[in-house]
Amino acid sequence: MKSIARTLRTALAAAALLTPATLLLPTAQAWGQAATFRSVSGDVTSKSGDKVKGAVVHLKDTKSLSQRSYITADDGQFKFGQLSTGTDYEIWADMNGDKSAVKTISSFDNKSALTISLKMSN
């Protein structure tokens, strides 16, 4: 009976020592993941330099070919967040048949926040 009690105490002591370490593992993983994301923001302007309200800004993942879109605010601004730093993207704007040039966001650019200006062609 004494050996069972001793084994139980040893197991409980080991569990008590290991529990704090296992609680830290998800936190450390979350910290590592936080560094793998970036944001892209900017504005859309007309050929004459006026801010374009209501333009659709397209962001395309060149690996998966998935797309996100954003409709610009009154001041022509847009923003995309939670973008993988390990992925290349293409970004452009269009409105009523008018389109900006396509710009590339490279996975080799290590900035966590990028600012891009898109100019409509007409």
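As a reminder, the structure under discussion sits directly above these lines.
Note that the coordinates shown come from a computational prediction; the quantities given were computed from them, not determined experimentally.

### As for the overall build of the protein
Right, so step 1: Scanning the protein from terminus to terminus reveals one helix and eight strands.
Right, so step 2: N-terminal to C-terminal, the α/β element order of the protein is α-β-β-β-β-β-β-β-β.
Right, so step 3: In the protein, buried positions account for 25% of the 122 residues.
Right, so step 4: Working note: accessible area of the protein is about 8,300 Å², and carbon and sulfur atoms make up 59% of it.

### Examining the nonpolar core
Right, so step 1: Core analysis: the largest hydrophobic core is formed by 17 residues, its most contacted members being V40, V44, V57, F78, I91, I105 and L118.
Right, so step 2: Of all elements in the fold, only strand 1 (37-45), strand 2 (56-61), strand 4 (77-84), strand 5 (89-95) and strand 8 (113-119) reach the threshold of two or more residues within this core.
Right, so step 3: Residues in contact with I91, not counting those within four places in the same chain, are V40, V57, H58, L59, F78, F80, A101, V102, K103, I105, I116 and L118.

### Considering the packing of aromatic side chains
Right, so step 1: Summed over all chains, the structure comprises two aromatic pairs.
Right, so step 2: An angle of 55° between the planes, with centres 6.1 Å apart, marks the rings of F78 and F80 as tilted.
Right, so step 3: Here F80 falls in the buried class, since its relative accessible area comes to 4%.
Right, so step 4: Grouping aromatic residues by their ring pairs yields a cluster made of Y70, F78 and F80.

### Some details on the environment of T115
Right, so step 1: Of note, T115 is situated in strand 8.
Right, so step 2: Looking at T115, the relative accessible area reads 68%, which means it is exposed.
Right, so step 3: Once residues within four sequence positions are removed from consideration, T115 is found in contact with S41 and G42.

Each value, and the rule that gives it
Along each chain, residues carry numbers from 1 onward, in the same order as the chain's sequence is written. Only residues with pLDDT of 70 or above have their local features reported here, since the model is predicted, and side-chain atom pairs are shown and tallied only from 80 upward, although totals for entire chains, interfaces and linings are computed over all residues. Only hydrogens and water are set aside; all other atoms, that is, all heavy atoms of the structure, feed into the side-chain values. Counting from the N terminus, the helices are DSSP H or I runs at least four residues long and the strands are E runs at least two residues long. Burial status follows relative accessibility: with a 1.4 Å probe on protein chains alone, a residue under 20% of its type maximum counts as buried, one over 50% as exposed, and anything between as partly exposed. Per-residue and other accessible areas follow the Shrake-Rupley method at a 1.4 Å probe size, with only the shown protein chains counted as cover for residues. Among the buried residues, those of types Ala, Val, Leu, Ile, Met, Phe, Trp, Tyr and Cys that are joined through side-chain atoms within 4.5 Å form a nonpolar core. We call two residues in contact when some of their heavy atoms are within 4.5 Å. Only Phe, Tyr and Trp rings are paired, with Trp represented by its six-membered ring, and only when their centres lie within 6.5 Å; those with planes under 30 degrees apart are stacked, over 60 edge-to-face, the remainder tilted.

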